[in-house]
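# Fold and contact review
This is what each chain is made of:
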Amino acid sequence: MNILFVGLQNRYVELTSLDDISATISPNEDETYSLLSLAKRHVYNFDAVVACDAPLQKHFPRWMRSREFYEPLMMLMGFNDTAHLCELLDEGADEVMTFSFDKSEFQARLQAIIRRRRGRSDNTISFHGFTLWPFELELEYGGQPMYLPTLEMRLLTVLAEHMGRNVGKQML
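Structure report, in brief. (Residues numbered from 1 in each chain as written. Predicted model: local features only at pLDDT ≥ 70, side-chain atom pairs only at ≥ 80, totals over all residues. Heavy atoms only, no water.)

### Structural notes on the overall build of the protein
Scanning the protein from N- to C-terminus turns up 5 helices and 9 strands. If you list the helices and strands of the protein from N to C, you get β-β-α-β-α-β-α-β-α-β-β-β-β-α. Out of the 172 residues in the protein, the part that is buried amounts to 44%. In the protein, the share of contacts with a sequence separation of at least 24, taken over all contacts with a separation of at least 6, comes to 48%. If you sum the accessible surface of the protein, you get close to 9,600 Å²; carbon and sulfur atoms cover 50% of it. (Helix = DSSP H or I, 4+ residues; strand = E, 2+ residues; numbered from the N terminus. Buried < 20%, exposed > 50% of the residue type's maximum accessible area, 1.4 Å probe, protein only. Contact = heavy atoms within 4.5 Å. Areas by Shrake-Rupley, 256 points an atom, 1.4 Å probe, with all protein chains shown as cover.)

Structure (structure tokens):
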């Protein structure tokens, strides 16, 4: 998963090194705008955006959606405030997690918002007799497991997820 991390605080840095996460870290709003603008023109491909809920990012979901950036957005909060959590969701965040969560929960929720944004409720892509599980990097054809090296499996996943659309070389 190619994830853009915005305003990352020290306690969240370890999330950038989780398995299956390719992290791009943006320290400020200007760089975030530049990166998302490139993604909008299909120069970069971000599967999701993860932003820390710091004072500077208080209205980040509204800022992001008002500029027509529609990547799945997860906000990380350092405190548990239901009113603020609801405000972030109302402004356009797809998911909000409060600090002290498990890394496996973070990954599962991230995969879920990406799946939902792509219009899938399950974790499979089916095409021409193939069934692909992108997060597990597993492939079957006619019910029989198939093996592909990791690089080829990731390429197949990108192409299958963007079937019928142009895929830029930066996405590959």
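Okay, back to it.
### Section: the nonpolar core
A general tendency of soluble globular proteins is for nonpolar side chains to be buried together. Among the nonpolar cores identified, the biggest contains 19 residues, and Ile-3, Leu-76, Phe-106 and Leu-110 are the most heavily contacted of them. The set of elements that each furnish at least two residues to this core consists of strand S1 (2-6), strand S3 (48-52), strand S4 (73-77) and helix H4 (103-117). Ranked by size, the runner-up nonpolar core spans 18 residues in total, among them Ala-51, Phe-60, Met-64 and Met-77. (Core = buried A, V, L, I, M, F, W, Y, C linked by side-chain atoms within 4.5 Å.)

### So, the sheet that holds strand S8 (residues 138-141)
Strands sit in the order S6-S7-S8-S9 across an open sheet of 4 strands; the sheet is antiparallel. Two strands close off the open sheet at either side, each with one partner strand: strand S6 (125-127) and strand S9 (144-146). On average, each strand axis in the sheet is tilted by 25 degrees relative to the strand beside it, whichever way the strands run. (Pairing = 2+ DSSP bridges. Axes fitted to C-alpha atoms, helices over the stretch in contact; angles between N-to-C directions.)

### Points about the sheet that holds strand S2 (residues 22-26)
Working definition: the strands of a sheet are paired by backbone hydrogen bonds and lie parallel or antiparallel to each other. Here we have 5 strands laid out as an open sheet, ordered S2-S1-S3-S4-S5, and parallel in their pairing. The open sheet has two edge strands, S2 and strand S5 (95-98), and neither has a second partner. Averaged over neighbouring strand pairs, the angle between their axes works out to 20 degrees when direction is ignored. Relative to S3, S1 is paired through 4 bridges, and the arrangement is parallel. Bridged to Ile-3 within S3 is Ala-48. Against the sheet, helix H1 (residues 29-40) engages S1, S2 and S3, with an angle of about 135 degrees to S2.

### Notes on helix H3 (residues 82-90)
For an α-helix, 3.6 residues make a turn, and residues three or four places apart therefore share a direction. You can read the cap of H3 off the contacts: a side-chain oxygen lies 3.3 Å from the backbone nitrogen of Ala-83, and it is on Asp-81. Count one or two residues on from H3 and you reach Gly-92, which has phi positive near 125 degrees. (Polar contact = N/O pair within 3.5 Å; in protein donor to acceptor, adjacent residues only side chain to side chain.)

### Regarding the environment of Phe-127
Within the secondary structure, Phe-127 is located in strand S6. Given a relative accessible area of 13%, Phe-127 falls into the buried group. When the C-alpha atoms of Phe-127 and Met-163 are compared, they prove to be 9.3 Å apart, with 36 residues separating the residues in sequence. Setting aside its immediate chain neighbours within four residues, Phe-127 contacts Leu-132, Leu-156, Ala-160 and Met-163.

### Looking at unusual backbone geometry
The phi dihedral of His-128 falls on the positive side, at around 45 degrees, and the residue is not glycine. Position of His-128 relative to the elements: it lies in the loop between S6 and strand S7 (130-133).

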